Amino acid sequence: MTNAPILTVEHLSMRFGGLVAVDDLSFSAREGEITALIGPNGAGKTTVFNCITGFYKPTEGRMALRHGNPAIFEELAALTASSLRSRHRQDGALYLLERMPDYLVTQKARVARTFQNIRLFRGMTVLENLLVAQHNPLMKASGMTLFGVFGLPVYTHAEHHAEEKAAKWLERIDLLDRADDPAGDLPYGAQRRLEIARAMCTDPVLLCLDEPAAGLNPRESAELNDLLLSIRDETGTSILLIEHDMSVVMQISDHIVVLDYGVKISDGVREEVRNDPKVIAAYLGVEDEEVEKVSSEVGL
Amino acid sequence: MEMPPSASATRVDVPRALKDAAIAGLLAFGMFLPLIGFRTYQTMSNELALEGRPGLLAIFVGLVMAASLLGSLVVRPLAERRAAMRKPGASVHAARMRATIAKWFTPFALGFMVLYPFMVWSFAGTQGSVKWIDNFGIQVLIYIMLGWGLNIVVGLAGLLDLGYVAFYAVGAYSYALLAKEFGLSFWILLPLAGILSAFWGILLGFPVLRLRGDYLAIVTLAFGEIIRLVLINWVDFTNGYAGISSIPRPSFFGIPFNADDDGFAAVFGLEFTPLYRTVFLYYIILGLALLTAFVTLRLRRLPVGRAWEALREDEIACRSLGVNTTNTKLTAFATGAMFGGFAGSFFAARQGFISPESFTFVESAMILAIVVLGGMGSMIGVAIAAVVMIGGTEIMRDLDFLKLVFGADFDPTQYRMLLFGIAMVLIMIWKPRGFISTRDPTAYLKERKTVAATFVKEGRG
Ligand SMILES: Nc1ncnc2c1ncn2[C@@H]1O[C@H](COP(=O)(O)OP(=O)(O)O)[C@@H](O)[C@H]1O
Ligand SMILES: [Mg+2]
């Protein structure tokens, strides 16, 4: 089973002054799959996420995301030549993420993300966190606030709907009974799950998770695996995952991309990557010559 | 009854208390010596002379030492004993009590504000009540309204604005100039002044969008000063320092409040007194303040309001959820500025005279102090703070009884700022996050629980 790509990243480079954090990286994430981006600390994984989600403007490169029919990628050359951000057709749409500011990447291209250091609205309740995530549809329903101020049924109806959606996600992450508590009051593992649910409330086609298993105990980590698999299988949302925890990566990812010092060193399905000597070397911290030696020994 | 085991630990330590009091006295002496210990005055030959005031200095130092002794000998042991004696059930009881108070406070306060002029009238009579309704009631309500307006920017959206008085000024000058030039009525100019202020709010919003925290504070401060300097220097337009006088007063549906035959008193067959206008103005500002409260409470429960608070909590997370933070900030600035503009046009209509002197930085600082002291984001807290701060300063204007303590030549108004500062320091020690620091959630599934202060971010930009 090879699905069509939903996101293609081509020749992505990000430099901070003299530091090359990401160097000519190309990969793609396929629809309905979990793609893992792994690599040692400082390899540039978070930087790639920040470029995809519009928080950084990449020094170079093209990142295209599609909605709908995979054939829409035919439009890529025409879209790149134009100065537009996106191209819409009857059967789908194509977005150039590097041309969009961060909030539009979520609002229009429907890419959602979580953060390596949890960023919840700690002083707001769990429910409110999930309502803020539905800001754009609610804003529209409130007629840019006007209907809302007068309490028109259009808006109250939409808000009720938003609360139901939030409740559905809370049930799914097992936090329904904490809905009215401040988010900052939740235990760490629950905060991680809430951040994922909050991102899902924006109805993304691509969900980017930055080290979601960091700091979780083995039981929570296993629950997280189940949650991510159920998101993939039930909502059809594609997932791009940064992870350190190899048990998570190896168990749930369909496709793995390995970064080291900003350069892609391996790309493939689990077994390919697991047995790639370059990956083993990068993780064990072996010098380059030795990698070559190992490579020649295994006959690559 | 058994004494709790910790009772021995709370025994008072007299030598220690004396030592603390002595240190406090020494500090007070050092601080008050230049402030109170000496006074300059002009002699008959126009020379400046210095006069020592050892008696007054001694009274102040004595007061500080007495307060220190009282604190360590009485207040602290009592508080410790109470804490030690507290039963597990007591906090539940206290919480229920607090909930009851919270439930009844708002209707009670509303009723009080509506009936206030009549209560004062019946107590102080026609002559005495003007002062209490005007200097006290109207003044406090103006600041409640300004506090609530700034609360949107600072308390909800978390954008530290030190130039809020600029919008107050824009509102006041808009009303004054348009009313004098075109003779438009108060009720037409009120919304117009609000719109103009909101426009200036957006104008300020644009350049400061990328700034946060201290930088935002500095730029808004500068903005406030620029507006004031323009008002001073653009003499053709604003009449500079001299200000604008004889600004038209609001009328009662076209009936003016004057002693003429077609004035309010004559039309309704009453005896003329300036009190009618004062009471009318009181109800206008009460209505405006309640409108501010109503709109703010409504907005908080709408996506815009939630986005404001989310912005205060974490701007990056907001953007990652598709919230346009530019628009969110601009709407916060514009809404806050609009209420400032309403208050400003009311101020001009009430005073009949405005000059740049009414719109100095101290005014911005005062409004910000009300918001901080009240508890950022809390409407009731801000209202309480406005009553305490503005009501307090107004009461201090006639503290003649203090002359009994400090001697006949003591002028209490000169010590207003000092007392004011001491009161603020004490309140901040007692309640570091303001009078009401908990946050009311804007939506709930099962049960509305208030959010404890420790989780809520403060509006530091
Ligand atoms: N905003 C920034 N400015 C300067 N250097 C940065 C910035 N963000 C990341 N870097 C650098 O880029 C490199 C990759 O960082 P990062 O993407 O966070 O790694 P990872 O997430 O793989 O651990 C690091 O050397 C880091 O110091
Ligand atoms: Mg990282």
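Every residue gets a number counted from 1 within its own chain, in the order that chain's sequence is written. Ligands are numbered from 1 and chains lettered from A, in the order in which they are written. Two thresholds apply to this predicted model, a pLDDT of at least 70 for residue-level local features and 80 or more for giving and counting side-chain atom pairs, whereas whole-chain, interface and lining totals are computed over all residues. Each side-chain value is worked out from all heavy atoms of the structure, with water and hydrogens disregarded.

A. Layout of the sheet that holds strand E2 (residues 19-30) of chain A. Residue and element names in this part refer to chain A. For two strands to be treated as a pair, DSSP must find at least two bridges joining them. In this text, helices come from DSSP runs of H or I with a minimum length of four residues, and strands from runs of E with a minimum of two, each type numbered from the N-terminal end. The sheet built from five strands is open, its strands ordered E2-E1-E4-E6-E5 with antiparallel pairing. Each end of this open sheet is capped by a strand with a single partner; those strands are E2 and strand E5 (86-89). Strand-to-strand twist across the sheet, computed as the mean angle between neighbouring axes with direction ignored, equals 10 degrees. The pairing of strand E4 (residues 60-68) with strand E6 (residues 92-96) spans five bridges and is classified as antiparallel. Axis geometry follows a simple rule: fit a line to the C-alpha atoms, using only the stretch in contact for helices, then measure angles between N-to-C directions, giving values from 0 to 180 degrees.

B. Structural view of the packing of aromatic side chains. Ring pairs are drawn from Phe, Tyr and Trp, using the six-membered ring of Trp, whenever the two centres fall within 6.5 Å, and their geometry is named by plane angle: stacked under 30 degrees, edge-to-face over 60, tilted for the rest. All told, the structure shown has 21 aromatic pairs over all chains when counted by the stated rule. Between Tyr-175 of chain B and Phe-186 of chain B the ring centres are 5.5 Å apart and the planes differ by 80 degrees, which places this aromatic pair in the edge-to-face class. Of this pair, Tyr-175 of chain B sits in helix H4 (residues 165-182) while Phe-186 of chain B sits in helix H5 (residues 186-208), and the two are 11 residues apart along the sequence. Each of the two residues, Tyr-175 of chain B as well as Phe-186 of chain B, counts as buried. Through successive ring pairs, a cluster of aromatic residues spans Phe-112, Tyr-116, Tyr-282 and Tyr-283 of chain B. When the ring centre of Trp-169 of chain A is taken as origin, the NZ or CZ atom of Arg-172 of chain A, which lies over that ring, is 4.8 Å away. Two conditions define a charge sitting above a ring: the NZ of Lys or the CZ of Arg must be within 6 Å of the ring centre, and it must be within 35 degrees of the ring normal. It is Arg-198 of chain A that lies over the ring of Phe-121 of chain A; its NZ or CZ is 4.8 Å from the centre. The cut-offs for exposure are 20% and 50% of the maximum accessible area for each residue type, with area from a 1.4 Å probe on protein chains only; residues under the lower value are buried, those over the upper are exposed, and the others partly exposed.

C. Representation of the nonpolar core. By nonpolar core is meant a set of buried Ala, Val, Leu, Ile, Met, Phe, Trp, Tyr and Cys residues that side-chain atoms within 4.5 Å join together. Membership of the largest hydrophobic core comes to 162 residues, with the highest contact counts inside it found for Leu-194, Leu-207 and Leu-228 of chain A together with Phe-346, Ile-354 and Phe-359 of chain B. Here this core gets 18 residues from one element, more than from any other, and that element is helix H3 (residues 88-156) of chain B. Contact between two residues is taken to exist if any of their heavy atoms lie within 4.5 Å; hydrogens are not considered. Discounting residues that sit within four places of it in the chain, Leu-194 of chain A has contacts with Leu-120, Val-126, Leu-130, Leu-170, Ile-173, Leu-175, Ala-183 and Leu-186 of chain A. Judged by nonpolar contacts, the second largest core, of 33 residues, contains Met-14, Leu-37, Ile-52 and Val-111 of chain A.

D. Molecular detail of the pairing of strand E11 (residues 263-268) of chain A. Residue and element names in this part refer to chain A. Pairing analysis gives five bridges linking strand E10 (residues 255-260) to E11, with the strands arranged antiparallel. Across the sheet, the residue bridging to Leu-259 is Lys-264, located in E11. In this antiparallel pair of consecutive strands, E10 and E11, the connection spans two residues, and Tyr-261 shows a positive phi of 45 degrees.

E. The coordination of the magnesium ion (ligand 2), seen in detail. All names here are of chain A. The protein atoms donating to the magnesium ion (ligand 2) are Thr-46 (OG1) and Gln-116 (OE1), with metal-donor distances spanning 2.0 to 2.2 Å. Separated by 70 residues along the polypeptide, Thr-46 in helix H1 (residues 45-52) and Gln-116 in the loop between strand E7 (111-113) and helix H4 (126-132) bring together distant segments of the chain. Residue class for Thr-46 comes out partly exposed when judged on its relative accessible area of 26%. Atoms of type N, O and S within 2.8 Å of a metal are treated as its donors, and for Na, K and Ca the window is 3.2 Å; water is not considered, so some sites may appear to be missing partners.

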